[in-house]
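Below, each chain spelled out in residue letters.
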Amino acid sequence: MEAVLPHLSAVVVEFVQQSAAEIVLHAYARAAGGVCPRCRRSSRRVHGRYVRRLADAAIGGRPVVVELLVRRFRCLNTACAAVTFAEQIEGLTTPHARKTPPLRSALLSIACTLAGRPGARLAALLGIRVAKDTLLQLLRSMPEPPVTPVRVLGVDDFALRKGESYATVLVDLEARRPIDVLPGREAEPLAAWLAEHPEVEIICRDRAGAYAEGASTGAPQAVQVADGWHLWRNLAETVEKTVGSHHTCIRSAFATTWPVEPSPADDARPFNPPDGIRDVLGHPRRLVARTRERYTAVQERLAEGKSLAAIGRELRLDHSTVRRFARASGIDELLVKAVNRQSILDEYKPHLHQRWNEGCHDIPLLHRELRELGFPGGVQTVRRYLREAKQHGLPASSRPAPRPRRVVRWIMTDPTRLRADDAQELKEIRAACPHLDAATGHVRDFAAMLHDRCGDLLPAWMTRVLADDLPALHSLVAGLRRDQEAVVAGLSSTWSSGQVEGHVTRIKLLKRMAYGRANLDLLRQRVLLAP
């Protein structure tokens, strides 16, 4: 038994009772006397005895209970305030505890990893009977790890309830572990924490204004480093806006000619296949018309001096929707997604056009051929698309314009890693649109700065950007200038918020395992203590 449970070596096991439900060990202490916890004087004078039940680690999946015969000794020191005291066995008992230290350690590990309900389920499978509330109480009772001096600090926020409440995690980037969790994502809590830790020399953060203010207030001596990934993401968002506002140029670069001339009897409009703005009948799509109406309504009310909240109430639109329509540089930027909605037929249009121009006008046969190629749609989809082609014909080949996000990906990708066909299409786009050509050049210059850690080249880069007619990039430059020192440090330093983002991902897992029922104090304990 001692080999199985080495912490019982200080006791004598008299006998063992086994049943299907549990294993009960009847034991008593080996020592002849005890030591008073107050005056530390030994005593062998027994005052009384009682039986103490302790839950212990399971054996073979069955719970173990230690029924320990405990002696109460009389203290022989007349000056001691304790008249009697109960004996404690090192490694087995602690005052008022109902669990042995090995079992408590196992439960603490389970609570840190899985919290309440999931932890109770795992414990039951391991033969440990414990309630979820007991696990949470154990977790809350654990002391926090001591905070050692921090030289390089990472700061980021995470959502407790997305869109409503947030918290801030602080990470020691040299020790690679979280050291605190602050309520909210405002400047004041961060500034107060930094004021208590004047040893911080470097602060890695995203470009949130609250963290910049908190870092400047609480640690003016520290160097702030804007995270490179966030800078690259800001640039990508700006490029996406630029591509959206110039997508007309992209569509014109990929426009196809229509070699089939209409017959003299066809004095109606020529065949125009659906392009995202018009449907197969040539009528404006409902989404496009609604977007135009909303954009006009929002812009008119902005010109009248109304606030975004008032416009949202009047038009019965969400605040984010009103803000998107208000900040748009033009209607084309809003119509990009509507124009480029994907159709299940897009992948199969080259084959369809080729077969149609070869003289095969049997739509059911064409549908069967497309089905053999993997087309998942029905024959009516093909029939609607070819409804007017019977009179006006189809182009010799179909070359749809790439979607804006694909163009953004081409621009943001290292040219040496682009496929040959993607590089060729990007070259055509740059030749057709000088604005996108200039934006591509600026992106590649920024990527070179970020890769080579040449933050000192940022002012010259911003000057070149302002020389071109790129409103979205001008807004980015204005934001970079407000935070220029941190941006230059982010482009030059090897420190980043990558570790912090990893801890935020782990926090999201911990939060979801608690099913959203835990308070911030419990989540904080798990963040700081979980392995």
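All figures in this text were calculated on a predicted structure; none of them were measured in a lab.

Q: Can you lay out the overall build of the protein chain for me, pointing to particular residues and giving the numbers?
A: Scanning the protein chain from terminus to terminus reveals 23 helices and 12 strands. Across the 531 residues that make up the protein chain, the buried fraction comes to 43%. In the protein chain, once contacts between residues fewer than 6 apart in sequence are set aside, the share between residues at least 24 apart is 60%. A total accessible area of about 28700 Å² is found for the protein chain, and carbon and sulfur atoms account for 52% of it.

Q: Could you give an account of the side chain of His-197, with specific residues and numbers?
A: Relative to the helices and strands, His-197 resides in the loop between helix 4 (187-195) and strand 11 (202-205). Taking relative accessible area as the criterion, His-197 reaches 13% and is therefore assigned buried.

Q: How would you explain the nonpolar core if you had to name every residue and give the values?
A: Ranked by internal contacts, the top residues of the largest apolar core, which has 34 residues, are Leu-235, Val-239, Val-243, Phe-446, Leu-458, Trp-461 and Leu-480. Among the elements of the structure, helix 6 (228-245), helix 16 (404-412), helix 17 (420-432), helix 18 (434-452), helix 19 (458-466), helix 20 (471-482) and helix 21 (484-492) are those that each provide at least two residues to this core. Per-element tally for this core: the top contributor is helix 18, with six residues. Apart from the residues within four sequence positions on either side, Leu-235 is in contact with Met-412, Val-443, Phe-446, Trp-461, Leu-473 and Leu-476.

Q: Explain helix 19 to me, and be specific about the residues and the numbers.
A: Note that an α-helix has 3.6 residues per turn; residues three or four places apart therefore point the same way. What helix 19 keeps buried is the set Leu-458, Trp-461, Met-462 and Val-465. Projection of helix 19 onto a plane perpendicular to its axis shows the buried side chains occupying an angular sector of 100°, all on one side. Of the surrounding elements, those touching the buried residues of helix 19 are helix 6, helix 18, helix 20 and helix 21.

Q: Got a sec to walk through the confidence of the model for the protein chain? Specific residues and values, please.
A: Per-residue confidence for the protein chain averages 83 on the pLDDT scale, and 88% of its residues sit at or above 70. By mean pLDDT, the top-scoring element of the protein chain is helix 19 (94), and the lowest-scoring one is helix 15 (residues 389-392) (60).

Q: Give me the sheet that holds strand 9 (residues 165-172): which residues, what numbers.
A: On the basis of which strands lie adjacent, the open sheet formed by five strands has the order 10-9-8-11-12 and mixed pairing. Edge positions in the sheet fall to strand 10 (177-183) and strand 12 (223-226), since each has one partner strand and no second. Going from strand to strand, the sheet's axes swing by 25° on average, the running direction of each strand aside. For strand 11 and strand 12, the ladder comprises four bridges, and the chain directions are parallel.

Q: Go over the pattern of salt bridges, please, and point to the residues and values.
A: One pass over the structure, following the stated rule, counts 23 salt bridges. Note that Asp-157 and Arg-185 form a salt bridge whose closest N and O atoms lie 3.0 Å from each other. Of this pair, Asp-157 sits in strand 8 (residues 152-161) while Arg-185 sits in the loop between strand 10 and helix 4, placing them 28 residues apart in sequence. When its relative accessible area of 37% is taken as the criterion, Arg-185 is described as partly exposed.

Q: Tell me what's going on with the pairing of strand 10, and back it up with residues and numbers.
A: Successive side chains on a regular strand alternate, one facing one side of the sheet and the next facing the other. Among the seven residues of strand 10, five are classified as buried, and the element is accordingly described as predominantly covered. Relative to strand 10, strand 9 runs antiparallel, the two sharing six bridges. Residue Thr-168 lies in a different strand from strand 10, and its bridge partner there is Leu-182. Counting the residues that bridge the hairpin from strand 9 to strand 10 gives four residues, and of these Arg-176 lies at a positive phi of roughly 60°.

Q: Can you explain the packing of aromatic side chains? Please cite residues and give values.
A: Following the criterion strictly, the structure yields four aromatic pairs and no others. Consider the rings of Tyr-348 and Phe-375, whose centres lie 5.5 Å apart with planes at 75°: the pair is edge-to-face. Highlighted residues: Tyr-348 in the loop between helix 11 (331-339) and helix 12 (349-357) and Phe-375 in the loop between helix 13 (363-372) and helix 14 (379-385), separated in sequence by 27 residues. Three or more aromatic residues joined by ring pairs make a cluster, and in this case those are Trp-232, Phe-446 and Trp-461. Here Arg-185 stacks its cationic end above the ring of Tyr-166, 3.6 Å away from the centre of that ring.

Q: I'd like a description of the packing of helix 6 against helix 16, backed by residues and values.
A: Where helix 6 meets helix 16, the axes come as close as 9 Å, and the angle between the chain directions of the two elements is 130°. Relative to helix 16, helix 6 is oriented oblique. As helix 6 runs across helix 16, the sense of the crossing is right-handed. Residues Trp-232, Leu-235, Ala-236, Val-239, Glu-240 and Val-243 of helix 6 lie in contact with helix 16, whose contacting residues are Pro-404, Arg-405, Val-407, Val-408, Ile-411 and Met-412.

Q: Explain a nonpolar patch on the surface residue by residue, including any values.
A: A contiguous nonpolar patch, built from Tyr-28, Val-51 and Leu-69 and spanning about 240 Å² of accessible area, is present on the exposed surface. Position of Tyr-28 relative to the elements: it lies in strand 2 (residues 23-29).

Q: Requested: an account of the side chain of Asp-483, with residues and values cited.
A: With respect to the helices, strands and loops of the structure, Asp-483 is situated in the loop between helix 20 and helix 21. At 2.8 Å, the side chain of Asp-483 forms a polar contact with the side chain of Arg-205. Excluding residues within four positions of it along the chain, Asp-483 makes contact with Arg-205 and Arg-207.

Q: Could you give me a rundown of the pairing of strand 6 (residues 62-74), with the residues and numbers involved?
A: Two elements, strand 2 and strand 6, share six bridges in a ladder whose sense is parallel. Looking across to strand 6, one finds that His-26 is bridged to Glu-67. Two strands pair when backbone bridges link them, and strand 5 (residues 46-59) and strand 6 are joined in this way by 11 bridges, in the antiparallel orientation. Across the sheet, the residue bridging to Ala-55 is Val-65, located in strand 6.

Q: Explain helix 17 to me, and be specific about the residues and the numbers.
A: With 13 residues, helix 17 should cover 18 Å at 1.5 Å per step; its first-to-last C-alpha distance of 19 Å lies within 8% of that length. Within the sequence span of helix 17, burial applies to Asp-422, Leu-426 and Ile-429. Take helix 17 and look down its axis: the buried residues cluster within an arc of 55°, on one side only. Exposed side of helix 17, more than 90 degrees from the buried face: Ala-420, Lys-427 and Ala-431 are the residues found there. Buried residues along helix 17 sit in contact with helix 7 (247-253), helix 16 and helix 18.

Q: Account for unusual backbone geometry, naming residues and giving values.
A: The backbone phi angle of His-96 is positive, close to 65°, even though this residue is not glycine. For His-96, the position within the fold is in the loop between strand 7 (84-86) and helix 1 (101-114). The class for His-96 is exposed, based on a relative accessible area of 79%.

Reading the values: the criteria
- For every chain, the first residue of the written sequence is number 1, and numbering continues from 1 along that sequence.
- Local features are withheld for residues below a pLDDT of 70 in this predicted model, meaning they are given only at 70 or higher, and side-chain atom pairs are given and counted only at 80 or more; totals for whole chains, interfaces and linings count all residues.
- In computing side-chain values, all of the structure's heavy atoms are included and hydrogens and water are not.
- Only DSSP runs of H or I reaching four residues or more are called helices, and only runs of E reaching two or more are called strands; each is numbered from the N terminus.
- Burial classes follow relative accessibility: with a 1.4 Å probe on protein chains only, a residue under 20% of its type's maximum area counts as buried, one over 50% as exposed, and anything between as partly exposed.
- Residues are treated as being in contact if the distance between any of their heavy atoms lies within 4.5 Å.
- Surface exposure here means Shrake-Rupley accessible area, sampled with a 1.4 Å probe, where a residue is shielded only by the protein chains that are shown.
- By nonpolar core is meant a set of buried Ala, Val, Leu, Ile, Met, Phe, Trp, Tyr and Cys residues that side-chain atoms within 4.5 Å join together.
- Summarising the geometry, the arc corresponds to the directions from the helix axis toward the C-beta atoms.
- Within a predicted model, pLDDT stands for the predictor's per-residue confidence, ranging from 0 to 100.
- The rule for pairing is simple: two strands pair if DSSP sees at least two bridges between them.
- Only the stretch in contact is used when fitting a helix axis, every axis being a line fitted to C-alpha atoms; angles between N-to-C directions are given from 0 to 180 degrees.
- When a carboxyl oxygen of Asp or Glu is within 4 Å of a side-chain nitrogen of Lys or Arg, the pair counts as a salt bridge.
- Any two rings among Phe, Tyr and Trp, with Trp reduced to its six-membered ring, count as a pair given centres within 6.5 Å; such a pair is stacked if its planes are under 30 degrees apart, edge-to-face if over 60, and tilted if neither.
- For a lysine, the NZ atom is tested; for an arginine, the CZ atom; a charge sits over a ring if that atom is within 6 Å of the ring centre and within 35 degrees of the ring normal.
- The scheme is simple: roughly parallel for angles under 35 degrees, roughly antiparallel for over 145, roughly perpendicular for 65 to 115, oblique for anything else.
- Crossings are sorted by hand: turned counterclockwise from the far helix by less than a right angle, the near helix makes the crossing left-handed, and turned clockwise it makes it right-handed.
- Like charges within 9 Å and nonpolar side chains (Val, Leu, Ile, Met, Phe, Trp, Tyr) within 5 Å are joined into patches, using only residues over 30% in relative accessible area that form no salt bridge.
- For this analysis, a polar contact is any N or O atom pair within 3.5 Å, provided that within protein one partner can donate a hydrogen and the other can accept it, and provided that sequence-adjacent residues contribute only side-chain to side-chain pairs.
- How far a helix is expected to stretch is found by multiplying one less than its residue total by 1.5 Å.

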